[in-house]
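# Results of the structural survey
What follows is each chain in one-letter form.
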Amino acid sequence: MQDRFQRQINYLRISLTDRCNLRCVYCMPAEGVQWLPHKEILTIEEVAAVVEAGVQVGIRKVRLTGGEPLVRRGIIDLIKRLNGIPEIDDIALTTNGMLLGDMAGDLKAAGLKRVNVSLDTLDPARFHSVTRCGDLNLVLRSINTALDYGLEPVKINTVAMRGFNDDELVDLARLTLEKPLHVRFIELMPIGTSDDWSHIKFISSQEIRELITGTLGNLEDEKKIPGSGPARYCRLSGAPGTIGFISAMSNHFCATCNRLRLTASGQLRPCLFSGREVDLKQVLRAGAGPDELAHIFQKAILSKPDSHDLAASWQKDDRIMSQIGG
Ligand code: SAM
Ligand code: SF4
């Protein structure tokens, strides 16, 4: 279905949980956040019912995220159910990679098509410090396992931060010369726990690009790769993988945004950066059928703002990315 600004909305990002097994410094406080009570979180059956309703208004792609989606019990069952909906042609997952190595086979068999793995550094001590408890080797192994199982394209999400990983961005880009990985550099956003320092840590996509080309040579523009969304892709000469830039701050991609978000607590959110939400859970639990739910989807799509203006006015939201669904 089209929204008021002629954008075709066909993509639903689903937060399966607000919980996580890591505590990345830009995303969550060290002590975690006040987790949602279990009864507030949509059940697996409810999530599947929401997607079935979304299909009626044109949803064709889903991404499972969180929090950390792989800590959510029932995720394999959910993927099987989503895979059984004929209109859904793409099921993807965004994960921190800690549990992916062990689960990749089951995820693939259930119908998962592809994964994005978050990886901000190749240095084990830095990895441990930015995630506050993560194990880099485990994540690197998971990335290889995902490639082995053909969960492709395997994309790497790297949040660029001055004074933290700016000296490693070239090394991360170099991964694309070695393996068919798609390394995407994400501009740090003033959301989550990053708002107090993201001004000083922020590095623009343009600067990252210059760092990479300065050392590794020219980047050639790349045609779209599956599920390319807001990233702009290019390739180093002869590389099996690509490099992407997600410029949410310096050059926002609102004009082509095709997505809605479903929060773990069952709210449909038309834009990550706007507090606007439509309550699906309440109607769902009141016994609404697919048509009524589809009507709520229509309402959410029609309330999608034309753009966010995060860079100009940093909006304060009560919730952080892991709660809304990153
Ligand atoms: N736990 C999973 C993971 O880390 O991939 C999925 C959820 S996480 C919120 C999704 C993505 O959001 C991650 O790639 C993470 O790096 C990114 N993210 C979180 N906070 C961010 C911020 N303030 N600015 C930019 N990206 C952020
Ligand atoms: Fe967890 Fe992902 Fe947030 Fe890191 S970015 S704390 S892995 S939800």
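Going by the structure above, here's the rest.
Report on the accompanying structure.

Reading guide: rules and limits
Residues numbered from 1 in each chain as written. Chains lettered and ligands numbered in written order. Predicted model: local features only at pLDDT ≥ 70, side-chain atom pairs only at ≥ 80, totals over all residues. Heavy atoms only, no water. Disulfide = S-S within 2.5 Å. Buried < 20%, exposed > 50% of the residue type's maximum accessible area, 1.4 Å probe, protein only. Helix = DSSP H or I, 4+ residues; strand = E, 2+ residues; numbered from the N terminus. Pairing = 2+ DSSP bridges. Right-handed = clockwise from strand over helix to strand, strands pointing away. Salt bridge = Lys/Arg side-chain N within 4 Å of Asp/Glu carboxyl O.

### Here we look at the state of the cysteines
Under the defined criterion, the tally for this structure stands at zero disulfides. Not part of a disulfide, Cys271 finds its nearest cysteine sulfur in Cys254, a span of 6.3 Å.

### Structural notes on the pairing of strand S4 (residues 114-118)
Counting buried residues along S4, four of its five residues qualify, which places the element largely inside the surrounding structure. Where strand S3 (residues 90-95) and S4 come together, four bridges link them in parallel fashion. By the bridge assignment for S4, Ala92 is matched with Arg114. Handedness of the β-α-β unit built from S3, helix H3 (residues 100-110) and S4 comes out right-handed. In the sheet, S4 pairs with strand S5 (residues 154-160) via three bridges, with the strands oriented parallel. Across the sheet, the residue bridging to Val117 is Ile156, located in S5.

### Overview of the sheet that holds strand S2 (residues 61-65)
Strand order in the open sheet formed by twelve strands is S7-S8-S9-S6-S5-S4-S3-S2-S1-S10-S11-S12, and the pairing between neighbours is mixed. Every other strand in the sheet has two partners, leaving strand S7 (219-221) and strand S12 (278-279) as the edge strands with one partner each. Note that strand S6 (residues 181-187) and strand S9 (residues 242-246) share five bridges and pair parallel. What sits directly across from Phe185, in S9, is Phe245.

### Quick look at the pattern of salt bridges
Within this structure, the stated rule accounts for 13 salt bridges. Glu207 is the salt-bridge partner of Arg162, the closest N and O atoms lying 2.8 Å from each other. Of the two residues, Arg162 is situated in the loop between S5 and helix H6 (169-178) and Glu207 in helix H8 (residues 205-216); the sequence distance between them amounts to 45 residues. In this structure Arg162 comes out as partly exposed when scored by relative accessible area, which is 33%. Residue Glu207 is classed as partly exposed on the basis of its relative accessible area, which comes to 30%. Where salt bridges share partners, they join Lys39, Glu40 and Lys281 into one cluster.

### Focus: unusual backbone geometry
For the peptide bond that leads from Glu152 to Pro153, omega is 0°, which places it in the cis range. Locating Pro153 in the fold gives a position in the loop between helix H5 (136-148) and S5. The phi dihedral of Gln6 falls on the positive side, at around 60°, and the residue is not glycine. With respect to the helices and strands, Gln6 occurs in the segment before strand S1 (11-15).

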